[in-house]
Amino acid sequence: MNCPVAKLCGGCEMLKVSYAKQGELKRENVQKLIDDAKLKITVQPVRMAESAIGYRNKVIYGFAKDKDKKVFSGLYAPNSHKVINTKNCRMQPDLVNEILEELTRLVESMKIQLYSPKTGTGLLRHVLIRYAKATDEVMVVFVTSTRDFPSRKNMVKALRDKFPQIKTILQNINPRDTSIVLQDQTIVLYGNGTITDELAGLKITFTASSFYQINHDQCEELYTVSKKPAKPSIRLVRPD
């Protein structure tokens, strides 16, 4: 698989390695940790996902301007605040990429000020998108430096009109000089602040800050494996 910004982004360090080889390297790394700990355990082959692309159900994008002053969005380069244009990243579902592209266009057309970590000025810091694979529901979170968010009503309407999959839109206020994306104050701009997915036969409703595995299908695989009964080593006897 080829990606024009793989070296800049750093999000897919093993992109040039075959999928089967990736699994073997991961198994070897875990086995080394086990051996270093002097444990007599043999690590079994890694259960690889059926698809290596389009699985990320949570993305956080930053914004910047190119040399022509045109707004673009993307992931951050490793250990930096530099935004890399990762348009149509193959690790994300197509719907998420479509929303990001439209959202970036709206940010530019509405002339929303971008936050600068160097000067501490500007408004829009990040956008966070969460996607529920089983239900196709989407959550959009604008992370801003202040509560004041000009054009937010127009932004919400434009996104809702084009993407009915968006079930809730929020604004998280982060005025701090920090790399932590979300802070405590969140305003619900549309919906009820949550989306719902289905996982292993259960309905899971989560908020912007809830923990949820990035890869829906592999999470189900993990739970399937963990449910296999283990032979009990201790027999509990009920006292008379």
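### Re the overall build of the protein
Piece 1. Scanning the protein for helices and strands turns up five helices and nine strands.
Piece 2. Its helices and strands taken in sequence order, the protein reads α-α-β-β-β-α-β-β-α-β-β-β-β-α from the N to the C terminus.
Piece 3. Once the C-alpha set of the protein is aligned to its principal axes, its extents read approximately 70 × 50 × 30 Å.
Piece 4. Across the 240 residues of the protein, 36% fall into the buried class.
Piece 5. A separation of at least 24 residues holds for 56% of the contacts in the protein among residues at least 6 apart in sequence.
Piece 6. Summed over its atoms, the accessible surface of the protein is roughly 15,600 Å², and 52% of this surface lies on carbon and sulfur atoms.
Piece 7. Separation of charge centres in the protein, based on 38 positive and 25 negative side chains, amounts to 3 Å.

### Some details on the sheet that holds strand β6 (residues 166-173)
Piece 1. Taken together, the seven strands give an open sheet; going across it, the order is β3-β2-β1-β4-β5-β6-β7, and neighbouring strands pair in mixed fashion. One side of each edge strand has no neighbouring strand; the edge strands of this open sheet are β3 (83-85) and β7 (185-190). Neighbouring strand axes in the sheet, compared pairwise and without regard to direction, differ in orientation by 35 degrees on average.
Piece 2. Note that strand β4 (residues 124-132) and strand β5 (residues 137-144) share eight bridges and pair antiparallel.

### Quick look at the packing of aromatic side chains
Piece 1. Per the counting criterion, the structure on display carries two aromatic pairs.
Piece 2. Ring plane angle 65 degrees and centroid distance 5.5 Å describe the contact between F142 and F149, whose orientation is recorded as edge-to-face. A single burial state applies to F142 and to F149, both of which are buried.
Piece 3. R125 extends its terminal NZ or CZ atom over the ring of Y115, reaching a point 4.2 Å from the ring centre.

### Things to note about the nonpolar core
Piece 1. Ranked by size, the top nonpolar core spans 30 residues in total, and within it V107, V127, I129, V140, F142 and L159 carry the most contacts.
Piece 2. Secondary-structure elements contributing two or more residues to this core are β1 (58-65), α3 (94-109), β4, β5, α4 (152-162) and β6.
Piece 3. The biggest single contributor to this core is α3, with seven residues.
Piece 4. Once you skip the residues sitting within four places of it in the chain, V107 turns out to touch F63, V71, I112, L114, L124 and M155.
Piece 5. Judged by nonpolar contacts, the second largest core, of 13 residues, contains A132, L199, A208 and C219.

### Considerations on the environment of V188
Piece 1. As for its position among the elements, V188 is in strand β7.
Piece 2. V188 sits 16 residues away from N172 along the chain, and the two C-alpha atoms are 8.7 Å apart.
Piece 3. Contacts of V188, omitting those with residues within four sequence positions, involve T168, I169, L170 and G193.

### Brief notes about the pairing of β1
Piece 1. Direction of pairing for β1 relative to β4: antiparallel, over a ladder of four bridges. What sits directly across from K58, in β4, is R130.
Piece 2. What sits between β1 and strand β2 (residues 71-76) in their antiparallel hairpin is a turn of five residues, with K69 showing a positive phi close to 65 degrees.

The rules we used
- Residues numbered from 1 in each chain as written.
- Predicted model: local features only at pLDDT ≥ 70, side-chain atom pairs only at ≥ 80, totals over all residues.
- Heavy atoms only, no water.
- Helix = DSSP H or I, 4+ residues; strand = E, 2+ residues; numbered from the N terminus.
- Buried < 20%, exposed > 50% of the residue type's maximum accessible area, 1.4 Å probe, protein only.
- Contact = heavy atoms within 4.5 Å.
- Areas by Shrake-Rupley, 256 points an atom, 1.4 Å probe, with all protein chains shown as cover.
- Lys, Arg positive; Asp, Glu negative; His and termini not counted.
- Charge placed at Lys NZ, Arg CZ, Asp CG, Glu CD.
- Pairing = 2+ DSSP bridges.
- Axes fitted to C-alpha atoms, helices over the stretch in contact; angles between N-to-C directions.
- Phe/Tyr/Trp six-rings, centres within 6.5 Å; stacked < 30°, edge-to-face > 60°.
- Lys NZ or Arg CZ within 6 Å of the ring centre and 35° of its normal.
- Core = buried A, V, L, I, M, F, W, Y, C linked by side-chain atoms within 4.5 Å.

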